[in-house]
Amino acid sequence: MNGMDIDEAAAFEQWESASQDRRPLSERAAAPAPYLDSLNPDQRKAVEALEGPVLVLAGAGTGKTRALTTRLAHLIHTRRAWPSQILAVTFTNKAAREMKERIGDLVGGTVEGMPWLGTFHSICVKILRRHAELAELKSTFTILDTDDQIRLIKQLLAAENVDEKRWPARLFASMVDRWKNRAQGPGQVPPDECGFANGRGAEFYQLYQDRLRVLNAVDFGDLLLHVVQIFQKNPDVLADYQNRFKYILVDEYQDTNVAQYLWLRLLAAEHRNICCVGDDDQSIYGWRGAEVGNILRFERDFEGAEVIRLEQNYRSTPHILAAASGVIAANKDRLGKTLWTDANEGEKVRLIGHWDGDEEARWIGEEIEAYQRGTRGHAARGLDDMAILVRASFQMRAFEDRFLTIGLPYRVIGGPRFYERMEIRDAMAYFRVAVSPDDGLAFERIVNTPKRGLGDKAQQSINWVARQHGVTLLEAARISAESGEGMTKKAAKGLGELVAQFDRWHVELAAPGANHVEIAGRILDESGYTAMWQVDKSPDAPGRLENLKELVQALEEFENLQGFLEHVSLVMDNDSDEPGEKVSIMTLHGAKGLEFPCVFLPGWEDGLFPSQRSMDENGVKGLEEERRLAYVGLTRAQDHLTISFAANRHIYGRWQSSLPSRFIDELPGNHVEVLTPPGLYGGGFGASAPGAGGYGAAATASPSGEPEGSVLEERAAQASTYNSPGWRRMAARRGEHGLGQPREARNLVVDAQAASRFEVGTRVFHQKFGYGNITEIEGDKLTVAFEKAGDKKVVASFVTEARATGGADDVPF
DNA sequence: CATCAGAATGTTTTT
DNA sequence: CATTCTGATG
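What counts and how
Residues numbered from 1 in each chain as written. Chains lettered and ligands numbered in written order. Predicted model: local features only at pLDDT ≥ 70, side-chain atom pairs only at ≥ 80, totals over all residues. Heavy atoms only, no water. Helix = DSSP H or I, 4+ residues; strand = E, 2+ residues; numbered from the N terminus. Expected span 1.5 Å × (residues − 1). Buried < 20%, exposed > 50% of the residue type's maximum accessible area, 1.4 Å probe, protein only. Contact = heavy atoms within 4.5 Å. Polar contact = N/O pair within 3.5 Å; in protein donor to acceptor, adjacent residues only side chain to side chain. Near = heavy atom within 4 Å. Nonpolar A, V, L, I, M, F, W, Y, C, P; charged D, E, K, R; others polar. pLDDT = per-residue confidence, 0-100. Pairing = 2+ DSSP bridges. Axes fitted to C-alpha atoms, helices over the stretch in contact; angles between N-to-C directions. Left-handed = near helix turned anticlockwise from the far one by under 90°.

**Student:** What's the story with helix H17 (residues 357-373) in this structure? I'm lost.
**Tutor:** Residues separated by three or four positions in an α-helix point in the same direction, a consequence of the helix having 3.6 residues per turn. Taking 1.5 Å of rise per residue, 17 residues should cover 24 Å, and H17 covers 25 Å from first to last C-alpha, within 8% of that figure. Turning to H17, its buried residues number three or more, namely Gly-357, Glu-359, Glu-360, Ala-361, Trp-363, Ile-364, Gly-365, Glu-367, Ile-368, Ala-370 and Tyr-371. Where H17 is buried, its residues meet strand E9 (349-356), strand E10 (386-390), helix H18 (396-406), strand E12 (583-587), strand E13 (596-601) and strand E14 (637-651). Capping the start of H17 is the job of one residue whose side-chain oxygen sits 3.2 Å from the backbone nitrogen of Asp-358: Asp-356. Among the residues trailing H17, Gly-374 stands out with phi positive, at a value near 80°.

Take a look at the structure:
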């Protein structure tokens, strides 16, 4: 493979010429590396342990990215590898971009010469385009987004006469996703997971893959699956890449799924210089295929691996760190790290209970304004320094409402992204067909948008024609429009016009010197798409038109439409944000990797956080992931951290009362200050009963010297005024579990017995759903027909067998 | 084939 | 509560 060497030399030269260091390479290599001096000993170890497998366990805020980028720079600086011989993978485009920038800063130049720094997916696209024929694809394959994927599956299910109500396309899509995350092809699906459409799961998977191949298309999961399979089946291709990548670096290793893990293992087999950076305590994406096991197993999988722990935290105060450590310590499955800091003690973590969610939002609004003014002896803070991190996005609304009424500027991070909006996808479907007339899925999307009188029947007819004649959908549409078969006259006319328009646009785009921006704008106008929204009287129509304008403007930055479409399919970024100081509101998931001086963590109530659903569906594993999520939230805070919960919450139009999160029990009391909510007679949480003290009764928690004591236990022990129903119920629950006994320990014990303990028909009790009868058992998952809540799937460990008389679970209220 | 009213149904998200 | 999806009407 001589071509590759030339590639690399060229890339390296390009990189070299961009560098500002004009000394000869040999001199530079010998020169001391100044960037090493700013590292602590552990970070330095992580940077200098270049040979062999290395696992860097980097706790939150320990300078992980810094170590990683410095390591990369060091590899290049010491001339161990050319930039093109280093594979550096991240999960998000944002992370990849940041890494590029930081390496650029370190080595003093651009890193155009680092062709293999990117996300798993973008690197796989690159590899797959080179070897497409090995996956029976053409190198021009298109990447389907989720919408297209669903549409394709719906077609397939319809063709196979599957009742879409019983077997939804979404369900099948998620199953395919799960299989691909584990790098399983249609032939490798475990038989017990083929339940879809009465045991035809694997069969449909095969059909789906066949259809993708015919369309010359892949979905996101395919990008990894195909590449892994190419590597497995073609040792020569694999060997080529194994030799090329002398060094491999992986960021956020705890988030890798099985397919990514296999991919890495294959690539690292030759040089074995693989360095994975991650934090098992921050693994929060198990629900989308990430395997914490990958990081827990690293030492076994890569023999002789060196494990380096980064434990010095540069982000948070000791109180905040202690709170986070206290919570995460309750998890069983972890490699174990102890974060420390030499920062000043700072302020304790604040905990406050509120009567309801609105009051919580109101109070946090006031606190934010107080930070802004710099009261309580603190320096004034900007709104950019503050963040509210919630478990689920519906919690954001309460804050948005409140902040709108008091005029507090805020930004919501992680809403629907620009390229996921309906109008943008529609517009892009027009572009796609104009660029590649054989893109049937795109054509299908817009064939009746705006309305052209083509309903289900007409579209089916076009599909049928396409199959009969073995032509693309666009050609079938042309034939149908001419014959007028299977549709009204009006529809045939509209369809004929559309086909003619696409013909014209396609020619115009292909013409030399075509102005793709102008043509794109015209496509939207001439197709009637713009007009559709101009006529639309719904309140969001103007915004959509605005978005379309923005889309056309964004085209300016690209050479042509093809380039733009390629970019969009992989880089779905959405950085547009008006400037100005704003409070950030985001989910805990969205906050990973970020930090803020002042952090609010509202909604710490059992059932909401930890989420009931996580616990029901995944049992102890789910609870542990929720706890890691709590850990991620806590460790985002630099100086000020406030946790809060509400006794009552207006959820889905219904008032729901809940208990404080069990994670609050796990906060070490001597690092927490319990606040009194203002404006309440007698206190906050649980103040419904006259004379109840609630949280307000006492000032600071726990006499120091009693480590790891639970905040709530201490509060309950100190005050005799905790007579409210909530407190009594909580006390009852605690008694049931045994004081100080971690709850999950009990669940584990039950887990072991669970499967054998129940049988179909057994009457059981569930904390949230009440009584019901078991209708189905699948491993440790039970389907229960609850008397009040209806049919639910729950993990066996979360129900107990119901006894005739009210047992310990039947808590008096 | 489009439109409207009623029912169902609500995590977390990247590529 | 609010959004999305379904199915029965014009």
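**Student:** Please explain the protein's contact with DNA strand B as it appears in this structure.
**Tutor:** As a structural note, the neighbourhood of DNA strand B is formed by 28 residues, with Arg-391, Ser-393, Thr-587, Ser-611 and Ser-614 the closest of them. Protein-proximal atoms of DNA strand B, defined as those within 4 Å of the protein, fall in sugar or phosphate at a share of 53%. Between Asn-93 and DNA strand B, the recorded distance is 3.0 Å, taken from a backbone N or O atom to a phosphate oxygen. Here a phosphate oxygen of DNA strand B and a side-chain polar atom of Ser-393 are 2.4 Å apart. At the level of secondary structure, the elements contributing two or more residues to the surface near DNA strand B comprise helix H21 (456-469) and helix H29 (612-634). Sort the elements by how many residues they give to the surface near DNA strand B and H29 lands first, with 3 residues. A class-by-class count of the residues in the surface near DNA strand B yields 9 nonpolar, 12 polar and 7 charged.

**Student:** I would appreciate a short explanation of the environment of Phe-403 in the present structure.
**Tutor:** For Phe-403, the location among the structural elements is in helix H18. When the C-alpha positions of Phe-403 and Val-583 are compared, they lie 9.6 Å apart, and in sequence the two are 180 residues distant. With sequence-adjacent residues up to four places away left out, Phe-403 is seen in contact with Ala-361, Gly-365, Ile-368, Ile-388, Leu-408, Tyr-410 and Ile-585.

**Student:** Just checking my understanding: could you explain the confidence of the model for chain A for this structure?
**Tutor:** The predicted coordinates ought not to be read in detail in places where the model reports low pLDDT. For chain A, the average pLDDT comes to 81, and 80% of its residues sit at 70 or higher. This model gives residues 1-6 a pLDDT under 50, and the stretch forms 3 contacts once residues within four places in sequence are excluded. Low pLDDT (under 50) marks residues 713-756, which in the prediction has 81 contacts with non-local residues, meaning those over four places away or in another chain.

**Student:** I'm lost on the pairing of strand E15 (residues 654-657) in this one. Help?
**Tutor:** Side-chain positions along a regular strand alternate between the two faces of the sheet. Here E14 runs beside E15; their pairing, made up of 4 bridges, is antiparallel. The residue of E15 that forms the bridge with Ile-651 is Arg-654.

**Student:** Which parts of the structure should I look at to understand the packing of helix H11 (residues 220-233) against helix H13 (residues 258-268)?
**Tutor:** How two helices sit against one another is set out by the angle between their axes and by the gap between those axes. It is the contact of H11 with H13, at a shortest axis distance of 10 Å, that shows an interaxial angle of 35°. Crossing of H11 over H13 shows left-handed handedness. Each of Leu-224, Val-227, Val-228, Phe-231 and Gln-232 in H11 lies in contact with H13, whose residues at this interface are Ala-259, Gln-260, Leu-262, Trp-263, Leu-266 and Leu-267. Along the lines of polarity and charge, the residues of the contact of H11 with H13 split into 9 nonpolar, 2 polar and no charged.

**Student:** Hey, could you run me through the sheet that holds strand E1 (residues 54-58) in this one?
**Tutor:** Two pairing modes exist for strands in a sheet, parallel and antiparallel, and in both the strands are linked by backbone hydrogen bonds. Across the sheet, 6 strands lie side by side as E3-E2-E6-E7-E1-E8; this open sheet has parallel pairing. With partners counted over all chains shown, the strands left at the sheet margins are strand E3 (117-119) and strand E8 (306-310), one partner each. The sheet shows a mean angle of 15° between the axes of neighbouring strands, direction not considered. Two elements, E1 and E8, share 5 bridges in a ladder whose sense is parallel. Opposite Ala-58, over in E8, you have Leu-310 as the bridge partner. Packing against the sheet, helix H5 (residues 93-107) makes contact with strand E2 (86-90) and E3, and its axis sits at approximately 165° to E3.

**Student:** In this structure, what is going on with the protein's contact with DNA strand C? I would like to understand it.
**Tutor:** As a matter of local geometry, DNA strand C sits amid Lys-165, Arg-397, Tyr-652 and Gly-653. Across the surface near DNA strand C, the residue classes break down as 1 nonpolar, 1 polar and 2 charged.

**Student:** Mind showing me how you'd approach the side chain of Asp-251 here?
**Tutor:** Position of Asp-251 relative to the elements: it lies in the loop between strand E6 (247-250) and H13. Look at Asp-251 and you get buried, because its relative accessible area is 6%. Side-chain polar atoms of Asp-251 contact the side chain of Lys-64, separated by 3.3 Å. For Asp-251, the contacting residues outside a window of four places in its chain are Lys-64, Leu-68, Val-89, Thr-90, Phe-91, Met-99 and Val-277.

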